[in-house]
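# Residue-level structure breakdown
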Amino acid sequence: MESPLVLGLSSEFKVNETKCCRFPDTIKTPLILKNLNFETILFFNNHLNKLFMAIQLPNPIAISAAQDTATKTAVMSVMTTASAIASIDLNTETKRSLVTVDNIRFPFVQRTFQTHVNNYPMALPSFLTLADAKSNYDTMVKIRDYKAGLLKALEAWDEISMVAENNAFEYVRQMYANAKKAQEAGTVPGIQSFIDDIAPLFEKTPSDTPAPPAP
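Residues numbered from 1 in each chain as written. Predicted model: local features only at pLDDT ≥ 70, side-chain atom pairs only at ≥ 80, totals over all residues. Heavy atoms only, no water.

### Some words on the overall build of the chain
Note the following rule: Helix and strand definitions follow DSSP, with helices as H or I runs of at least four residues and strands as E runs of at least two, each counted in order from the N terminus. Under the scheme applied here, a residue whose accessible area is under 20% of the maximum for its type counts as buried, over 50% as exposed, and between as partly exposed, the area being computed with a 1.4 Å probe on protein chains only. We get accessible surface area from the Shrake-Rupley algorithm with a probe of 1.4 Å; when it comes to residues, only the shown protein chains can shield them.
Secondary structure assignment for the chain yields 7 helices and 0 strands. In the chain, the order of α-helices and β-strands from amino to carboxyl end is α-α-α-α-α-α-α. Considering the chain as a whole, with its 215 residues, one finds that 20% of them fall into the buried category. When the accessible surface of the chain is split by element, carbon and sulfur atoms take 60% of a total near 16100 Å².

Here it is, written out as structure tokens:
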């Protein structure tokens, strides 16, 4: 099932999940940003973020009940299948002791199982049959493919989440700004309660202020 939204977010603009502006790679950076460095873009966040949200970022983003059910079912199916293959619960120490086959080691392991085990049977270890050894190798290869697909899916969901989080945070930011204006104007009784609750998210506290340099 296709995800409800497909985005291509620049990795540079994923660094700060709540403050930086993010926009699709396929859309060129506006001319006004060409001579600005990343820190400057962050500095002008309040203006730029609203600009990109209005022009390029989808808002709102919604997941239907059917999509929610389908996604949860798919996730549970993957977890159930993994448990059926082998129920393994490794502690941290054991994980560190195990040898993994990364992209550098993989070609050597691949050539061994695809070619060398057939050409040099006299060198085969005796603690495991060749059929069982090939089963380990086949499982490793299949899971590499699974993980590649899952990582792509996770990246797609992560990008959807980033935009949804950005939209939600901006809504709270604007609501807080409106509440501050209402407080100054004295037009909304009791608004101070909301401001006091949300203020730590936007206002600096003494603990946020850097300590003065030592004399």
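### Focus on the pattern of salt bridges
Threshold: Throughout this description, the term salt bridge denotes a Lys or Arg side-chain nitrogen within 4 Å of a carboxyl oxygen of Asp or Glu.
As enumerated under the stated definition, the model contains 3 salt bridges in all. For arginine 173, the salt bridge is made with glutamate 170, and the minimal N-O distance between the two is 3.0 Å. Residue arginine 173 and its partner glutamate 170 are located together in helix 6 (residues 130-185), separated by 3 residues, close to a single helical turn. According to the relative accessible area criterion, glutamate 170 is buried, its value standing at 9%. Linking glutamate 203 and lysine 180 is a salt bridge whose minimum nitrogen-to-oxygen distance equals 3.9 Å. Of this pair, glutamate 203 sits in the segment after helix 7 (191-202) while lysine 180 sits in helix 6, and the two are 23 residues apart along the sequence. According to the relative accessible area criterion, glutamate 203 is partly exposed, its value standing at 36%.

### A few points about the layout of surface pockets
Heads up, the rule is: With a 1 Å grid spanning the protein atoms alone, the term cavity applies to any set of points in which a 1.4 Å probe fits but cannot get out, the term pocket to an open set with protein on both sides within 12 Å along at least five of seven lines, and the term lining residue to any residue with an atom within 4 Å of a point. Grid points are joined across faces, edges and corners, and a volume is the space filled by probe spheres set on the points. The nonpolar class holds Ala, Val, Leu, Ile, Met, Phe, Trp, Tyr, Cys and Pro. Asp, Glu, Lys and Arg form the charged class, and all remaining residues, Gly among them, are polar.
Put simply, the largest pocket is a space of about 1200 Å³. Around the largest pocket, the lining is made up of 25 residues, and of these Thr139, Met140, Ile143, Arg144 and Lys147 lie nearest the centre. Of all the secondary-structure elements, those providing two or more residues to the lining of the largest pocket are helix 3 (65-85) and helix 6. With 9 residues, helix 6 is the largest single contributor of residues to the lining of the largest pocket. Of the residues that constitute the lining of the largest pocket, the class distribution is 16 nonpolar, 6 polar and 3 charged.

### Some details on the nonpolar core
Put simply, the rule is: Take the buried residues of types Ala, Val, Leu, Ile, Met, Phe, Trp, Tyr and Cys, join any two whose side-chain atoms come within 4.5 Å, and each joined set is a nonpolar core.
By size, the foremost hydrophobic cluster in this structure holds 6 residues: Tyr176, Ala179, Ile191, Ile195, Ile198 and Ala199. Listed by contribution, the elements that provide at least two residues to this core are helix 6 and helix 7. Top element by residues in this core is helix 7. It accounts for 4 residues.

### What to know about the packing of helix 5 (residues 106-119) against helix 6
Two quantities define a packed helix pair, namely the angle between the axes and the distance from one axis to the other. Quick note on the threshold: Axis lines are fitted through C-alpha atoms, for helices just across the contact stretch, and the angle between N-to-C directions can take any value from 0 to 180 degrees. Here a crossing is taken to be left-handed if its near helix is turned anticlockwise relative to the far helix by less than a right angle, and right-handed if that turn runs clockwise. Here, residues are in contact when the closest pair of their heavy atoms is within 4.5 Å.
Relative to each other, helix 5 and helix 6 sit at 145°, their axes nearing to 11 Å. Remark: the crossing between helix 5 and helix 6 carries left-handed chirality. Seen from helix 5, the contacting residues are Phe106, Val109, Gln110, Phe113, Gln114, Val117 and Asn118; seen from helix 6, they are Leu130, Ala133, Lys134, Tyr137, Met140, Val141 and Arg144. Partitioning the contact of helix 5 with helix 6 into residue classes produces 9 nonpolar, 3 polar and 2 charged.

### Some thoughts on the environment of isoleucine 198
Residue position: isoleucine 198 is located in helix 7. Overall, isoleucine 198 belongs to the buried group, its relative accessible area being 18%. It is 7.3 Å that separates the C-alpha atoms of isoleucine 198 and tyrosine 176, two residues lying 22 residues apart in sequence. The contact partners of isoleucine 198, leaving out residues within four places of it in the chain, are Val172 and Tyr176.

Geometric descriptors of this kind do not, in isolation, establish any biological role.
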